[in-house]
Amino acid sequence: MKKLKGLLGLSLALILLLLALVPAVAASDKTALPTTAAVTVDGAPVAVGGYNIDGSNYFKLRDIAMALNGTARQFEVGYDPSGNAITLTPGAPYTPVGGELKGAGGAAARTATVSSAKITRNGSPVQLSAYLIGGNNYFKLRDLGSALNFGVTWNETANTIEINTAKGYISDESNIGFFDFDVDYTAKPNYKIVYMMSALGVLYDMMDNGFLLWAARLNCDYSSFSSMGDNELYIAALERYAKQGIDGFLLDPDTAIYPRLIEILDEYEIAWMPCMVQATDESGKLLHPCVGFDNTDFGVQMATWSINYAQKTWPNAKASEIGMLSMDFSLSPQVHERTTGAQGIWRKQGFPENNFVVVDGATVGDFTEDGGFNLARPAFAARPDIKYWLVCAFMDDYASGAALAAKELGLEDNCVVIDCGGSELIGQWDGGVETSWKAAVYAAQMLFVEPMICGLYAMMDGQATPETLWPDFINKAAGEKYAFMKVPTYILTKDNYTEYLEWVDWYTGFDMSSYTYNGTRYPARAPAPSF
């Protein structure tokens, strides 16, 4: 045993001695391996020698400046040795100093030490990952792309790093048309955006406020305009803004004037995005990418949830005793699709056809709580044979009105209401009010407007064209040329609404709610449809 201990002690001493003979390497130093990937700029090969450090490619700053010189993403490099300060000036031509683009610096691994150089872009400090290798500063290419706004793509098949000066930087192709949290938007142009409304109202105000917040995050100048229902004023204002050099428009016009608006936008070659009002031709085909909802699925979600609720809450109820009230608005094809979706589920579940009751908001022309009450109350009263009611409403005011009607007729415990909306319902829950209105198919406003303004941004920044934006959402089988981006929706109940709203705050970075976030995650984007 003593001999074994002695051997162990000798081995340990030998190891310590051998370690002492190995040259010391700073904890922050890295091993840099020569990159094996080719590099192209706008499709043309360039002789740029670089190193791979921890899976990322690093190149000499002056090599990249030389390679991009004369392109739309050129930049000047300055150096002050007294302060070890590097200055970057986007848009300025690069002044060669000699030694640029000489190719690889050898096949051997090198030691990379974190660079201590101070870096500014247009006079403002900027954080870039950089290492000193053999006396030269090597910068992470994607950091340069973000700071100087040029496209960087990895072509695995060709083992090639592709620099694209026709596109702005994005960290991931799948982020095109959405906010990219890895992009420094202050490095990009300060685009000017106008949201043009045909009227004023609560919905327009919500859109306006959402766009204002996202525009600030995107480093864009933002303003809004309302024509107050005057179509001629809307057209004249759009053309005036176009002449003033606006870079992009968010549009909510009267659909009748879209043809003239598109003529003006094409003439001035300005990017645009429809908002709540889609642009379609006479056959209903899209004339531009847009963002919206699957209204048939809205109906499916409402009917499915309410039927499940009934089965759990009233397990002894007979199918003949259960009725579904769909609060429709026949003048809107989109709203009517919700009734179609709900009715399809009703039939699929085998409930009596005549127990599916439709009331039409077009008959009262009143989109208030009173309007909902006046539609629901007579429908309930006309069917005393129905003991349990499942109400699917297309808006908050109608849902609230239906709940009041159920209470007045003594049906509150035998009625459940769900709608598309939910903002008013959230207010009721916050205030401790509980009625037969129990759920809502909800789309967070900030998630609704995000792809609208970010899709516009992608087109302004050259990341996409109207034809290539959100390609997975283009229904080519139906003859569509443009995407219909679907917004994710969730069914909110009293049990889950606070965690969902706080997740939205966490995801967007906007503090819109005042609840406690428990870490629950939700998908921020709708899955691509199977066409």
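Residues numbered from 1 in each chain as written. Predicted model: local features only at pLDDT ≥ 70, side-chain atom pairs only at ≥ 80, totals over all residues. Heavy atoms only, no water.

A.B. asks: Whenever I open this one, unusual backbone geometry confuses me. Can you help?
C.D. replies: Both trends apply: most residues other than glycine have a negative phi, and most peptide bonds are in trans. The backbone of Leu 101 shows a phi angle near 55°, a positive value even though the residue is not glycine. Judged by relative accessible area, Leu 101 falls into the partly exposed class, the value being 27%. The backbone of Asn 149 shows a phi angle near 60°, a positive value even though the residue is not glycine. (Buried < 20%, exposed > 50% of the residue type's maximum accessible area, 1.4 Å probe, protein only.)

A.B. asks: I keep staring at the pattern of salt bridges and nothing clicks. Help me out?
C.D. replies: A side chain of one charge can pair with a side chain of the opposite charge when the charged atoms of the two come close. Applying the stated criterion across every chain yields a total of 11 salt bridges. Ionic pairing is found between Asp 54 and Lys 30, a salt bridge with its closest N-O pair at 3.0 Å. Taken together, the residues span a long stretch of sequence, with Asp 54 in the loop between β4 (50–53) and β5 (56–60) and Lys 30 in strand β1 (residues 30–34) at a distance of 24 residues. Each of Glu 239, Arg 260 and Glu 263 takes part in a single network of salt bridges with overlapping partners. (Salt bridge = Lys/Arg side-chain N within 4 Å of Asp/Glu carboxyl O. Helix = DSSP H or I, 4+ residues; strand = E, 2+ residues; numbered from the N terminus.)

A.B. asks: How should I be thinking about empty space enclosed by the protein in this particular structure?
C.D. replies: To find leftover empty space, a probe the size of one water molecule is rolled over the atoms. Inspection of the entire model under this criterion finds 3 cavities of 30 Å³ or more. For the largest cavity, the calculated volume is near 70 Å³. Looking at the largest cavity, it is lined by 14 residues, and the ones nearest its centre are Ile 170, Phe 178, Tyr 185, Tyr 457 and Gln 463. Counted by class, the lining of the largest cavity contains 9 nonpolar, 3 polar and 2 charged residues. (1 Å grid on protein atoms, 1.4 Å probe; cavity = no way out; pocket = protein on both sides within 12 Å on 5 of 7 lines; lining within 4 Å. Points joined across faces, edges and corners; volume = space filled by probe spheres on them. Nonpolar A, V, L, I, M, F, W, Y, C, P; charged D, E, K, R; others polar.)

A.B. asks: Help me understand the side chain of Asp 208, please; the structure alone is not making it clear to me.
C.D. replies: Along the polypeptide, Asp 208 turns up in helix α4 (residues 202–217). The side chain of Asp 208 is buried and forms no salt bridge, while Arg 240, the nearest opposite charge, is found at 15 Å. Only 3.2 Å separates the side chain of Asp 208 from the side chain of Ser 224, close enough to count as a polar contact. If sequence neighbours within four positions are ignored, Asp 208 has contacts with Tyr 195, Tyr 222 and Ser 224. (Lys, Arg positive; Asp, Glu negative; His and termini not counted. Polar contact = N/O pair within 3.5 Å; in protein donor to acceptor, adjacent residues only side chain to side chain. Contact = heavy atoms within 4.5 Å.)

A.B. asks: Is there a simple way to think about the side chain of Thr 489 in this case?
C.D. replies: Mapped onto the fold, Thr 489 is located in the loop between β25 (484–486) and β26 (490–492). Separated by 3.1 Å, the side chains of Thr 489 and Gln 301 make a polar contact. When neighbours within four sequence positions are excluded, Thr 489 is seen to be in contact with Phe 293, Phe 298, Gln 301, Val 441, Tyr 442 and Ala 443.

A.B. asks: Would you mind showing me how to read the packing of aromatic side chains here?
C.D. replies: One pair of aromatic rings is described through two measures. These are the centre distance and the angle between the planes. Within this structure, the stated rule accounts for 37 aromatic pairs. The ring of Phe 510 has Arg 217 lying over it, and the distance from NZ or CZ to the ring centre is 4.8 Å. (Phe/Tyr/Trp six-rings, centres within 6.5 Å; stacked < 30°, edge-to-face > 60°. Lys NZ or Arg CZ within 6 Å of the ring centre and 35° of its normal.)

A.B. asks: Is there a simple way to think about the environment of Met 324 in this case?
C.D. replies: Here Met 324 lies in strand β20 (residues 322–328). Judged by its relative accessible area of 0%, Met 324 is buried. Sequence separation between Met 324 and Asp 42 is 282 residues; the distance between their C-alpha atoms is 60 Å.

A.B. asks: Explain the nonpolar core to me, please; I cannot follow it from the model alone.
C.D. replies: Formed by 73 residues in total, the largest nonpolar core has its most connected members in Ile 64, Phe 211 and Leu 250. Per-element accounting of this core gives the leading share, 11 residues, to helix α12 (residues 445–460). Core analysis: the second largest hydrophobic core is formed by 44 residues, Met 327, Val 357, Tyr 442 and Ala 444 among them. (Core = buried A, V, L, I, M, F, W, Y, C linked by side-chain atoms within 4.5 Å.)

A.B. asks: Hey, could you run me through the sheet that holds strand β8 (residues 110–114) in this one?
C.D. replies: Strands belonging to one sheet form pairs held by backbone hydrogen bonds; the direction of such a pair is parallel or antiparallel. With antiparallel pairing, the 6 strands of this closed barrel are ordered in space as β1-β4-β5-β12-β11-β8. The average undirected angle you get between the axes of adjacent strands in this sheet is 40°. With 2 bridges connecting them, β1 and β4 associate as antiparallel partners. Note that in β4 the partner of Pro 34 across the bridge is Tyr 51. (Pairing = 2+ DSSP bridges. Axes fitted to C-alpha atoms, helices over the stretch in contact; angles between N-to-C directions.)

A.B. asks: Looking at this model, I keep getting lost on the sheet that holds strand β7 (residues 85–90). Mind explaining?
C.D. replies: Here 4 strands make up an open sheet; going across it, the order is β6-β7-β9-β10 and the pairing mixed. Among the strands making up the open sheet, the edge pair consists of β6 (75–80) and β10 (124–125). Taken strand by strand, helix α2 (residues 61–68) contacts β6 and β7, and its axis lies near 150° from that of β6.

A.B. asks: Looking at this model, I keep getting lost on helix α5 (residues 231–243). Mind explaining?
C.D. replies: Think of an α-helix as turning once every 3.6 residues; residues three or four places apart then point the same way. The first and last C-alpha atoms of α5 sit 19 Å apart over 13 residues, in line with the 18 Å expected at 1.5 Å per residue. Those residues of α5 that sit buried are Tyr 234, Ile 235, Ala 237, Leu 238, Tyr 241 and Ala 242. Buried residues of α5, seen end-on, are gathered within an arc of 165° and therefore sit on one face of the element. For α5, exposure combined with an orientation more than 90 degrees from the buried face picks out Glu 232 and Lys 243. (Expected span 1.5 Å × (residues − 1). Arc of directions from axis to C-beta.)

A.B. asks: Looking at this structure, I do not really get the pairing of strand β23 (residues 415–420). What am I missing?
C.D. replies: Within a regular strand, the side chains alternate between the two sheet faces. For β23, the tally of buried residues reaches 6 of 6 residues, placing the bulk of the element in the interior. Here strand β22 (residues 388–393) pairs with β23 via 5 bridges, running parallel. Directly across from Cys 392, in β23, lies its bridge partner Ile 418. In terms of handedness, the path from β22 via helix α10 (residues 396–408) over to β23 forms a crossover that is right-handed. Where β23 and strand β24 (residues 437–442) come together, 4 bridges link them in parallel fashion. Looking at β24, one finds that Ile 418 is bridged to Ala 439. Read from β23 through helix α11 (residues 423–430) to β24, the crossover connection turns out right-handed. (Right-handed = clockwise from strand over helix to strand, strands pointing away.)

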